[in-house]
Amino acid sequence: MLLFFVRHGDPIYNPDSLTEQGQLQAEALVERMKLCAPEKIFASSSNRAILTAKPTAEYFGQEIEILDWCNEHYAWQDLTVALDDGCRTWAFAHKPTVELFASEEIRRLDKEWYKHEAFKDTSYEKGILRIQRETDGFMKNLGFIHKDNGYFAENPSYKRVALFAHQGFGLAFLSCLLDLPYPMMSTRFDMGHSGMTVIEFSDSGFSVPKVLQLSNDSHIFKSVSLKTCYQNRVEF
């Protein structure tokens, strides 16, 4: 099975939507998805993720299955840091936390990194364990049982599925899916708007999932409309 994880297009966070640029990115994704041909399309319950998935779903005549647990709102509650000014930021964007994430003591804790003394008053453990539990359930429903840092295929439901969601959620999701400690995944990898990550799972027996592409956004540069935006110095 191939899993296509797609970050939403350029967003408007309030109200939850896409900019004109983001809509063009969603439309550009269709040409790419024609080659991927997902048999099932999932999306976070966030409107910006749904709007990014919509052109692809319409092309294939599919209904989008909404997964509320993928909504970034929940990850934001659990995997962010309070700043002195009262605002919050992602742990992976907070310099002191990043430095701790990169430390040898955190590395030694591996996937139980959240048990470090510095994180005792945070909701990191609750947040990452929630995503791990939901990810395992999601994969089980697709016919893949998570065990021993890999997956056993048990009558997989599809050959290709697509999930449209978010960066902040996605980095935690991929860390759980790939059995990589979240501090390592979130500080060393990133996702651009409408970038597609492709992960391969064997359809029989035991396998370790393999990342074939990470946040590939080549569809942006093949789009005439997006090229025009780029030439007009519209950032994306």
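Here the structure is a predicted model, which means the values were calculated and not measured.

J.: It is not clear to me how the packing of helix α1 (residues 20-36) against helix α2 (residues 47-60) should be interpreted in this structure. Could you clarify?
T.: Helices that pack against each other are described as a pair by the angle of their axes relative to one another and the distance between those axes. Viewed as axis vectors pointing N to C, α1 and α2 meet at an angle of 40 degrees, and their least axial separation amounts to 8 Å. The angle between α1 and α2 falls in the class oblique. Once α1 is placed against α2, the crossing between them reads as right-handed. Between α1 and α2, the contacting residues are Gln23, Ala26, Glu27, Leu29, Val30, Met33 and Lys34 on the first element and Leu51, Thr52, Pro55, Thr56, Tyr59 and Phe60 on the second. For the contact of α1 with α2, the per-class residue count stands at eight nonpolar, three polar and two charged.

J.: Which parts of the structure should I look at to understand α1?
T.: Helical periodicity: at 3.6 residues per turn, an α-helix aligns residues three or four positions apart in one direction. Spanning 17 residues, α1 covers 25 Å between terminal C-alpha atoms, matching the ideal 24 Å at 1.5 Å per step. At Val30, α1 shows its maximal kink, close to 30 degrees. One or two positions beyond α1, positive phi appears at Ala37, with a value near 50 degrees.

J.: What am I meant to see in the pairing of strand β11 (residues 196-200) here?
T.: In the case of a regular strand, side chains alternate between the two sheet surfaces. The buried count for β11 comes to four of five residues, which makes it a mostly enclosed element. As paired strands, strand β1 (residues 2-7) and β11 are joined by five bridges and run antiparallel to one another. Directly across from Leu2, in β11, lies its bridge partner Glu200. Inspection of the sheet shows β11 paired to strand β13 (residues 210-216) by four bridges, in the antiparallel sense. Counted as the bridge partner of Ile199 is Val211 from β13.

J.: I keep staring at the sheet that holds strand β10 (residues 160-165) and nothing clicks. Help me out?
T.: Sheet strands pair via backbone hydrogen bonds, and the direction of the pair is either parallel or antiparallel. Strand order in the open sheet formed by six strands is β5-β4-β10-β1-β11-β13, with mixed pairing between adjacent strands. The open sheet terminates on both sides in strands that have one partner only, identified here as β5 (65-67) and β13. Pairwise comparison of adjacent strand axes, ignoring direction, gives a mean angle of 20 degrees for this sheet. In this structure, strand β4 (residues 40-44) lies alongside β10, joined through four bridges in parallel fashion. When the bridges of β10 are listed, Ile41 appears paired with Ala162.

J.: For this particular structure, what's the right way to read the pattern of salt bridges?
T.: Opposite charge on two side chains lets them pair, provided their charged atoms get close. The final tally for this structure, using the stated rule, is eleven salt bridges. A salt bridge links Glu72 to Arg48; the nearest nitrogen and oxygen atoms lie 3.5 Å apart. Taken together, the residues Glu72 in helix α3 (residues 72-78) and Arg48 in helix α2 connect sequence positions 24 residues apart. According to the relative accessible area criterion, Glu72 is buried, its value standing at 9%. Residues Lys95 and Glu99 are paired through a salt bridge, measuring 2.5 Å at the closest nitrogen-oxygen approach. Highlighted residues: Lys95 and Glu99, both in helix α4 (residues 95-101), separated by four residues, approximately one helical turn. Take Glu99: its relative accessible area is 48%, and that puts it in the partly exposed class. Shared partners join several salt bridges into a network, and the residues in it are Asp16, Arg48 and Glu72.

Scoring rules and cut-offs
- Residues numbered from 1 in each chain as written.
- Predicted model: local features only at pLDDT ≥ 70, side-chain atom pairs only at ≥ 80, totals over all residues.
- Heavy atoms only, no water.
- Axes fitted to C-alpha atoms, helices over the stretch in contact; angles between N-to-C directions.
- Helix = DSSP H or I, 4+ residues; strand = E, 2+ residues; numbered from the N terminus.
- Parallel < 35°, antiparallel > 145°, perpendicular 65-115°, else oblique.
- Left-handed = near helix turned anticlockwise from the far one by under 90°.
- Contact = heavy atoms within 4.5 Å.
- Nonpolar A, V, L, I, M, F, W, Y, C, P; charged D, E, K, R; others polar.
- Expected span 1.5 Å × (residues − 1).
- Bend = angle between axes of the 7 residues up to and from the residue.
- Buried < 20%, exposed > 50% of the residue type's maximum accessible area, 1.4 Å probe, protein only.
- Pairing = 2+ DSSP bridges.
- Salt bridge = Lys/Arg side-chain N within 4 Å of Asp/Glu carboxyl O.

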